[in-house]
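Residue-level listing of the chains:
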Amino acid sequence: MVKAEIQKDEIWALRKVISRPNFAVMDLLLKKSPRTTRELYSVLEKKFTRKTLIITLRELSLDLNVIQPTHIRTDKGYGLGYRLNPKVKDVIKSSYKLSKVIEGVIKD
């Protein structure tokens, strides 16, 4: 079977980046960056399955370049962690502002 072709419009990339699991990871990295993979799993394991988090991290780092892998010093040596792409920090902050504007419009 052939997968259905995904139709891309003007904001397809934004939709992809702000999906629930993707945005949850980016939000954590906005608050404290870099974070180890283990930290991300421990915080988000109640909201998402481990498989979803693995796919999310792979997608955000490899496909979208939204998060960047980095080495983090740990008690046992170095571990793998992620930090937010500096250009994306502004996008996340703008998303919060846009959400507040939209909530204001909806309430009116």
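First things first, this report covers the structure right here in the doc. (Residues numbered from 1 in each chain as written. Predicted model: local features only at pLDDT ≥ 70, side-chain atom pairs only at ≥ 80, totals over all residues. Heavy atoms only, no water.)

Digging into the pairing of strand β2 (residues 67-74)
Here is step 1: For β2 and strand β3 (residues 77-84), the ladder comprises 8 bridges, and the chain directions are antiparallel. Its bridge partner being in β3, Arg73 is matched across the sheet by Tyr78.
Here is step 2: Between β2 and β3, which pair antiparallel one after the other, the connecting turn spans 2 residues. (Pairing = 2+ DSSP bridges. Helix = DSSP H or I, 4+ residues; strand = E, 2+ residues; numbered from the N terminus.)

Comments concerning the pattern of salt bridges
Here is step 1: For the structure on display, the rule yields 4 salt bridges.
Here is step 2: The residue Asp27 makes a salt bridge to Lys31 at a minimum N-O spacing of 3.2 Å. With a gap of 4 residues between them, Asp27 and Lys31 both fall in helix α2 (residues 20-31), about one helical turn apart.
Here is step 3: Exposure remark for Lys31: the relative accessible area of 63% places this residue in the exposed category. (Salt bridge = Lys/Arg side-chain N within 4 Å of Asp/Glu carboxyl O. Buried < 20%, exposed > 50% of the residue type's maximum accessible area, 1.4 Å probe, protein only.)

A look at the sheet that holds strand β1 (residues 35-36)
Here is step 1: Taken in spatial order, the 3 strands line up as β1-β3-β2 in an open sheet, and their pairing is antiparallel. Whereas interior strands pair on both sides, the edge strands pair on one side only; in this sheet they are β1 and β2.
Here is step 2: Here α2 sits on the sheet and contacts β1, β2 and β3; the angle it forms with β3, its principal contact strand, is near 105°.
Here is step 3: Of the strands in this sheet, β2 and β3 touch helix α4 (residues 50-63), which is tilted by about 110° from β2. (Contact = heavy atoms within 4.5 Å. Axes fitted to C-alpha atoms, helices over the stretch in contact; angles between N-to-C directions.)

Some remarks on the packing of α2 against helix α5 (residues 86-107)
Here is step 1: For the pair α2 and α5, the least separation of the axes is 11 Å and the interaxial angle reads 110°. Here α2 lies roughly perpendicular to α5, going by the angle between them. Of the residues in α5, those touching α2 at Phe23, Met26, Asp27 and Leu30 are Val88, Lys89, Ile92, Lys93, Ser95 and Tyr96.
Here is step 2: Looking at side-chain class alone, the contact of α2 with α5 contains 6 nonpolar, 1 polar and 3 charged residues. (Parallel < 35°, antiparallel > 145°, perpendicular 65-115°, else oblique. Nonpolar A, V, L, I, M, F, W, Y, C, P; charged D, E, K, R; others polar.)

Purely spatial values, then, with no claim about function.
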